[in-house]
Amino acid sequence: MRQLRQMLRLAGSGTSSREIAVVLGVARSTVQDNLKRAAQAGLTWPLPGELTDDALEHRLFARAGVKQGQRRRKEPDWAELSIELKKPGVTLLILWEEYRSDHPDGYGYSRFCELFRGFEQRLSPTMRQEHAAGDKAFVDYSGKKVPIVDRKTGEVREAELFVGVLGASSYTFAEATWTQTLPDWIGSHVRMFAFFGGVPRLVVPDNLKSGVNRASFHDPEINRSYGMMASHYGIGVLPARPRRPKDKAKVESAVRFAQSCILGRLRKQTFFSLAEANAAISEMLARINDHVMRRLGVSRRHLFETIERPALASLPAEDYEFAEWRLARVSTDYHVEFKSFFYSVPHGLIRQQVDIRATARMIEIFHRGKRVAVHQRRYGGARFGTDPDHMPSSHRRYAEWTPDRFRRWGASIGPETEGLITAILASRPHPEQGFRTCLGILRLYRDLPRERAEAVSARAVEIGGLTCKTITALIATHKSNRHSTEPAAVMEHANLRGPGYFH
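What you are looking at is a predicted structure, and each value in this text was computed from that prediction instead of being measured. (Residues numbered from 1 in each chain as written. Predicted model: local features only at pLDDT ≥ 70, side-chain atom pairs only at ≥ 80, totals over all residues. Heavy atoms only, no water.)

1. Thoughts on the sheet that holds strand β12 (residues 353-358)
Pairing within the open sheet is antiparallel, and its four strands lie in the order β9-β12-β13-β14. Either end of the sheet is taken by a strand with one partner, and the two such strands are β9 (324-329) and β14 (370-376). The sheet shows a mean angle of 25 degrees between the axes of neighbouring strands, taken without regard to direction. Two elements, β12 and strand β13 (residues 362-367), share four bridges in a ladder whose sense is antiparallel. The partner of R357 across the bridge, within β13, is E364. (Pairing = 2+ DSSP bridges. Helix = DSSP H or I, 4+ residues; strand = E, 2+ residues; numbered from the N terminus. Axes fitted to C-alpha atoms, helices over the stretch in contact; angles between N-to-C directions.)

2. A short note on the packing of aromatic side chains
Going through the model one piece at a time under the given rule, you end up with 19 aromatic pairs. With a centroid separation of 6.2 Å and 65 degrees between ring planes, the pair formed by F162 and F173 is classed as edge-to-face. In this pair, F162 sits in strand β3 (residues 156-166) while F173 sits in strand β4 (residues 172-177), placing the two residues eleven residues apart along the sequence. For F162, a relative accessible area of 0% translates into the label buried. Taking the centre distance of 4.9 Å and the plane angle of 80 degrees together, the rings of F406 and W409 count as edge-to-face. Taken together, the residues F406 and W409, both in helix α14 (residues 403-413) and three residues apart, mark about one turn of the helix. Like F406, the residue W409 is buried in the burial classification. An aromatic cluster of at least three residues, connected via ring pairs, comprises Y141, F162, Y171, F173, W185, F195, F196, Y226 and F304. (Phe/Tyr/Trp six-rings, centres within 6.5 Å; stacked < 30°, edge-to-face > 60°. Buried < 20%, exposed > 50% of the residue type's maximum accessible area, 1.4 Å probe, protein only.)

3. A word on the packing of α14 against helix α15 (residues 415-426)
Between α14 and α15, the least distance of the axes is 7 Å, while the angle of their chain directions is 155 degrees. Between α14 and α15, the interaxial angle falls into the category roughly antiparallel. On α15, the residues that touch P403, F406, R407, G410, A411 and I413 of α14 are T417, E418, I421, T422 and L425. (Parallel < 35°, antiparallel > 145°, perpendicular 65-115°, else oblique. Contact = heavy atoms within 4.5 Å.)

4. Remarks on the sheet that holds strand β15 (residues 384-385)
What links the strands of a sheet is backbone hydrogen bonding, and the strands pair in either a parallel or an antiparallel sense. Judged by pairing direction, the sheet is mixed, and its three strands sit side by side in the order β10-β11-β15 without closing on themselves. The open sheet has two edge strands with one neighbour each: β10 (335-338) and β15. Of the strand pairs in this sheet, strand β11 (residues 341-344) and β15 are connected by two bridges, and their pairing is parallel. Across the sheet, residue Y343 finds its bridge partner in β15, namely G385.

5. Notes on the pattern of salt bridges
Evaluation of the coordinates by the stated rule reveals 16 salt bridges. Residue D290 pairs with R301 through a salt bridge whose shortest N-O separation is 2.4 Å. Taken together, the positions of D290 in helix α11 (residues 274-290) and R301 in helix α12 (residues 300-308) put the pair eleven residues apart, joining distant regions of the chain. You can call D290 partly exposed: its relative accessible area is 41%. Here E324 makes a salt bridge to R326, at a shortest N to O gap of 2.8 Å. On the basis of relative accessibility, which here comes to 17%, the residue E324 falls in the buried class. By relative accessible area, R326 is classed as partly exposed at 35%. Taken together, the shared-partner salt bridges connect E324, R326 and K339 into one network. (Salt bridge = Lys/Arg side-chain N within 4 Å of Asp/Glu carboxyl O.)

Next up, the structure:
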């Protein structure tokens, strides 16, 4: 309108149409057409001061016989077209061709697109973006939390509200979890996919640390456990750009809607457990998804059932089991640590870097993508979980030594020797500290007759001589038949291999 006013001013000063076109940078025919319209409307320069831009536009371009606010040609149902546009493979060109087949004298393609964009601008912000059916699910946590009261102590603990929404239908899932940590974050995804009955092509999360280790527009670093969950369901993860809420405007609006429809309506209820809160949230979700959207005239559930569910990929046969992944380096004792417990790997991997996959029941250890060890996860008891197959042969033989085995070796010689072995093991703070002493004594008895060995053992217990040095001295005071073969047979049965056994 500013250009039209300037055009009329120049024409009123006697400037030719050609010169006006050069000054304003428009076609000469456009200048002539606008001046002709002004003459037909009886407008000359100067224009009346009360003539607004809207009034000027109406006087110059209003068509006779057409009321303001009405179209000259038949219009389609724009709300229905916006729903059709969400279906896979549907474009505005296809919709326009179908419109023209029903209305041959209808609008041309460019005007059709212009009118459709104008309709979209009148929709709520969540509907302005174009989302193909089955393409994206947007996930985020609400900033507001759900208070839950401990029935015994009265203490109030606040739970997080997780919200997920599908792009095309705005079908919404929500649940309360205690934290935003990785197990709750991934668990909410698993339950969301089960709620949808399928999986979209992409998931768009915020840059929550549980999902994204390093935020970046070009190369975001996805948390490995989160990435393994995505791989299990065959989906891609496309984090929103940092500080760009419009990238996930769908879920931002769903979060606000959930806060009003869920938290607002439940604010006067008192919950004593997470299960109670989620039961109430589930009822509110049904209300949200069944609510008829004013602009489109259909509910989220209707859109989901008609256009979104058929486009979702099938769920895998089994739900994803949460697993935490860690990098670790194998210690010199061929064990790796996870949550203050130690798990063995083959001893040949000492000082190598391995991957630990920890579930609630199991610890799996991988080296270069190959599983090299698996253990039952420990929550109490002994801190070390050692598979004998992972030990060097010398360590394995040592690990097979037990107090009972040494007692059996002593009993194979006689009751006095068994008593000596028992006394030695009992005299140490830990029985294992007496293993070497027992082994040394049994070696000293290798060439002694049974009677002499029993006599030495009895004397040693009597005087409290529970060391190899004392036993050696006692043997020296009882010189007798040193070449008996019976004790040798006994020691062979005990599977003792001589002084080099430790090596």
